[in-house]
Amino acid sequence: GLVLDREIKNRSLLLRVNLDGDTGDKIYECKTYKLCNGWKCPAKYIHQVQVQMYASRLFGAQVVSYGLQQEDYDNFMRDIDPCRLKREEVAYDRSWVERVYLPKHRILADCLKRGAFPDV
């Protein structure tokens, strides 16, 4: 079944992620956007999901986006319109995690342990 809003901590790596939802084999990251602006999933969300997959060891993921209209901002109790939901599969990119993310994370984790700011 679907588990909502789960926190995963890896104390040895000083890494914590929050999953909007998961089914034990797939992560669901939920995002909203202004419908009038259109939607193209930003790289920062793909990177966020990459780190979530790494931390959770769940290597399937979807970004679920929902386009908001002005009426949604005026009344947050409106019914969900299924036509405004989009789902995008995200494949795990082990190379990006190992080559780009982890080296930067290690620097930050070291700074946190020492109580210092990064110099890069």
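Residues numbered from 1 in each chain as written. Predicted model: local features only at pLDDT ≥ 70, side-chain atom pairs only at ≥ 80, totals over all residues. Heavy atoms only, no water.

Enquirer: For this particular structure, what's the right way to read the pairing of strand β4 (residues 60-68)?
Expert: Within a regular strand, side chains alternate between the sheet's two faces. With nine of its nine residues buried, β4 lies for the most part within the structure. Both faces of β4 are covered, namely the face carrying Gly60, Gln62, Val64, Tyr66 and Leu68 and the face carrying Ala61, Val63, Ser65 and Gly67. Strand direction decides the pairing type here: strand β3 (residues 27-34) and β4, joined by eight bridges, are parallel. What sits directly across from Glu29, in β4, is Val63. Traced from β3 through helix α1 (residues 43-56) to β4, the parallel crossover comes out right-handed. Sheet analysis places β4 next to strand β5 (residues 85-91), joined by seven bridges and oriented antiparallel. When the sheet's bridge partners are listed, Val63 is paired in β5 with Glu88. (Buried < 20%, exposed > 50% of the residue type's maximum accessible area, 1.4 Å probe, protein only. Helix = DSSP H or I, 4+ residues; strand = E, 2+ residues; numbered from the N terminus. Pairing = 2+ DSSP bridges. Right-handed = clockwise from strand over helix to strand, strands pointing away.)

Enquirer: Can you walk me through the side chain of Gln52 in this structure?
Expert: Here Gln52 shows up in helix α1. Of note is the side chain of Gln52, whose polar atom sits 3.0 Å from the side chain of Glu29. Setting aside anything within four residues of it in sequence, one finds Gln52 in contact with Val17, Asn18, Leu19, Ile27 and Glu29. (Polar contact = N/O pair within 3.5 Å; in protein donor to acceptor, adjacent residues only side chain to side chain. Contact = heavy atoms within 4.5 Å.)

Enquirer: Can you walk me through the packing of α1 against helix α3 (residues 94-114) in this structure?
Expert: Between two packed helices, both the angle of their axes relative to each other and the distance between the axes serve to describe the pair. α3 packs onto α1 with a crossing angle of 100° between their chain directions and a minimal axis gap of 11 Å. Taken together, the axes of α1 and α3 are roughly perpendicular relative to one another. Residues His47, Gln50, Val51 and Tyr54 of α1 pack against Trp96, Val97, Tyr101 and Leu102 of α3. Of the residues in the contact of α1 with α3, the class split is six nonpolar, two polar and no charged. (Axes fitted to C-alpha atoms, helices over the stretch in contact; angles between N-to-C directions. Parallel < 35°, antiparallel > 145°, perpendicular 65-115°, else oblique. Nonpolar A, V, L, I, M, F, W, Y, C, P; charged D, E, K, R; others polar.)

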